[in-house]
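# Fold and geometry: a report
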Amino acid sequence: METYRIIQDGDDYLLPVYNRQKIVLMRGEGVHVYDSERVVYLDFFSGIAVNGLGQAYPEVVNAIIEEAKKLGHVSNYYYNEPNVKLAKLLCEISFAQKVFFCNSGAEAVEASLKLARKYFRRQGQDRPEFISFHRSFHGRTFGALSATGQVKYQEGLEPLVPGFHFATFNNIESVKKLLNDRTAAVLVEAVQCEGGIHPADLKFLQELRTITREEGIFLILDEVQTGLGRTGKMWAYQHYDIEPDMMVSAKALGAGLPMGALLVTNQAAQGFKPGDHASTFGGNPIVSAAAVANIETLILKDLATHAAKEGEYLRNGLSALQKDFPQLFKEVRGMGLIQGIEMTRKAASLVSLCAKQGLLVGSANENVLRFLPPLIVTDGDIDQALGRLRKAVAEELKTA
Ligand SMILES: Cc1ncc(COP(=O)(O)O)c(C=O)c1O
């Protein structure tokens, strides 16, 4: 089908909840994606932090093909080998002792909130409430949306799920003011990503760990965007020398296939009994096989360390750009290969201009240009991306 026809049909038949670039992507290899006009792009967005290994990574492709030939889907009323292998692997590389699988970040957040409430109900305690943070993002289902500290996502959707209170990120006193004997858990991102790329302060997360432990309530870390090597360690919490009671993962987990997971301690796991929660597709053998191949590769190639190094390189390049164009860029923030550059204006136009230069990037919180390259990115790719970005900046400056 011709490009214009695909775009026209897309606009006719897809529910219009996204502002899409007028680009039809056809295939990808490593850090590159190709469109229907054979234009090649450097992909510094990775499908929103999903493609840690880039596109069409051979081990992942093979794992998907081999498992698809063997077993498609079986439900959770039976065991399947790749899924058990994945659960064990996730526990080996994290604090966790038990895992629940679902299909997305929002679902993993839902599972964590339900588990926290059930746990305390089982203990005979009335603790149905949660503390999360202003500027946070936890997903679009009603529970995850109610936990999200940004009104723009909630407007027109009320009534929300009751029981959520919002503290100020990186301000421990604001958490202490909200804590009470009805609080079940504190839900936090180590880096607020959708909120504009704001990393948590070291002391803040450590104190959050201390006070949640003192209160006997759960610390739930949302590592949907930060997990699996992206920040320069396997999990962002490892930068803070703390361990949560629960953690939610998704995005990069399934190496491009949909998968979410809730990882918990044995103690937290006591909250759920058979029948309390479920997901038809959760832990599907094909997705699990892809996730195992993905994580084994991350470990074998030590891509977290690589992400730390390349993140530094990217950050230096962005800082130089910020110094050269202070009228356009205010601040560079990030951790590893999540980097953002706050602009003095909305980022949407520069995102489009970057695409015209053959560079895919995203935005966060409207005025932050967001970079999420695959973890396999090299210095050479980053040099090329920065060159294209500078050309886009030159165009952007002509527009105002
Ligand atoms: C931190 C965080 N939590 C949860 C979600 C929701 O994930 P999903 O879109 O897979 O439901 C996102 C998505 O951007 C996220 O960044």
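## A short note on the site of the ligand
- By nearness alone, every residue bordering the ligand is listed as Ser104, Gly105, Ala106, Phe137, His138, Gly139, Glu189, Glu194, Asp222, Val224, Gln225 and Lys251.
- Here Phe137 contributes a backbone N or O atom positioned 3.5 Å from a nitrogen atom of the ligand.
- Contact between the ligand and Asp222: a nitrogen atom at 2.7 Å from a side-chain N or O atom of the residue.
- Looking at the shell around the ligand residue by residue, the classes come out as three nonpolar, five polar and four charged.

## Some words on the pattern of salt bridges
- The tally for this structure, following the rule as stated, stands at 22 salt bridges.
- Put simply, Glu29 and Arg27 hold a salt bridge, and the shortest N to O gap is 4.0 Å.
- In this structure, Glu396 engages Arg345 in a salt bridge whose closest nitrogen and oxygen atoms are separated by 2.7 Å. Residue Glu396 is located in helix H14 (residues 379-398), and its partner Arg345 is located in the loop between strand S14 (338-343) and helix H13 (348-356); the two are separated by 51 residues in the primary sequence.
- Note on Arg345: relative accessible area 25%, which makes it partly exposed.
- Among the ionic contacts, a cluster of salt bridges with common partners joins Arg121, Asp126, Glu129 and Arg182.

## Description of the side chain of Thr183
- Among the structural elements, Thr183 can be located in strand S7 (residues 183-189).
- Dropping the residues within four chain positions of it, Thr183 is found in contact with Arg127, Glu129, Ile131, Leu178 and Ile217.

## As for the domain arrangement of the chain
- Considered domain by domain, the chain is made up of domain 1 (3-54 + 302-398) and domain 2 (71-300).
- Once you take the C-alpha centre of each, domain 1 and domain 2 turn out to be 27 Å apart.
- On the side of domain 2, 29 residues touch domain 1, which itself brings 29 residues to the contact.
- Summed over both sides, the interface between domain 1 and domain 2 buries roughly 2,200 Å², with carbon and sulfur atoms accounting for 61% of that surface.
- At the boundary of domain 1 and domain 2, one finds one salt bridge.
- The shortest N-O distance in the salt bridge between Glu194 and Arg370 comes to 2.8 Å.
- At the junction of domain 1 and domain 2, the tally comes to twelve residue pairs in polar contact (both at pLDDT 80 or more).
- Contributing elements (two or more residues each) for the side of domain 1 that touches domain 2: helix H2 (46-49), helix H12 (303-324), strand S13 (329-335), S14 and strand S17 (368-371).
- With five residues, H12 is the largest single contributor of residues to the side of domain 1 that touches domain 2.
- A class-by-class count of the residues in the side of domain 1 that touches domain 2 yields 17 nonpolar, nine polar and three charged.

## Things to note about the sheet that holds strand S6 (residues 164-167)
- Read from one edge of the open sheet, seven strands run S4-S12-S11-S10-S7-S5-S6, paired in mixed fashion. In this open sheet, the two edge strands, each paired with only one partner strand, are strand S4 (98-102) and S6. Between one strand and the next, the sheet's axes are offset by a mean angle of 20°, whatever the strand orientation.
- Where strand S5 (residues 129-133) meets S7, three bridges bridge the pair, whose relative direction is parallel. By the bridge assignment for S7, Glu129 is matched with Thr183.
- Contacts between helix H9 (residues 202-215) and the sheet are confined to S5, S7 and strand S10 (218-222), with S7 contributing the most and set at about 165° to the helix.

## Section: the nonpolar core
- Residues Phe44, Phe204, Leu208, Leu369 and Leu389 are the most contacted members of the largest nonpolar core, which totals 123 residues.
- Element by element, the count of residues in this core is highest for helix H5 (residues 105-122), at nine residues.
- Shared between two domains, this core holds at least three residues of each, these being domain 1 (3-54 + 302-398) and domain 2 (71-300).
- Those residues within four positions of Phe44 in sequence are excluded, and the remaining contacts are Leu314, Leu359, Leu360, Val361, Arg370, Phe371, Leu372, Pro373, Val377, Asp381, Ile382 and Ala385.

## Examining the pairing of strand S11 (residues 246-249)
- Of the two faces of S11, both are covered, the one formed by Met246 and Val248 as well as the one formed by Met247 and Ser249.
- The pairing of S10 with S11 spans three bridges and is classified as parallel. Across the sheet, residue Asp222 finds its bridge partner in S11, namely Val248.
- With four bridges connecting them, S11 and strand S12 (residues 260-264) associate as antiparallel partners. When the bridges of S12 are listed, Met247 appears paired with Leu263.

What counts as what
- Residues numbered from 1 in each chain as written.
- Predicted model: local features only at pLDDT ≥ 70, side-chain atom pairs only at ≥ 80, totals over all residues.
- Heavy atoms only, no water.
- Near = heavy atom within 4 Å.
- Polar contact = N/O pair within 3.5 Å; in protein donor to acceptor, adjacent residues only side chain to side chain.
- Nonpolar A, V, L, I, M, F, W, Y, C, P; charged D, E, K, R; others polar.
- Salt bridge = Lys/Arg side-chain N within 4 Å of Asp/Glu carboxyl O.
- Helix = DSSP H or I, 4+ residues; strand = E, 2+ residues; numbered from the N terminus.
- Buried < 20%, exposed > 50% of the residue type's maximum accessible area, 1.4 Å probe, protein only.
- Contact = heavy atoms within 4.5 Å.
- Domains from an automatic or database assignment.
- Buried area = accessible area lost by both parts, 1.4 Å probe.
- Pairing = 2+ DSSP bridges.
- Axes fitted to C-alpha atoms, helices over the stretch in contact; angles between N-to-C directions.
- Core = buried A, V, L, I, M, F, W, Y, C linked by side-chain atoms within 4.5 Å.

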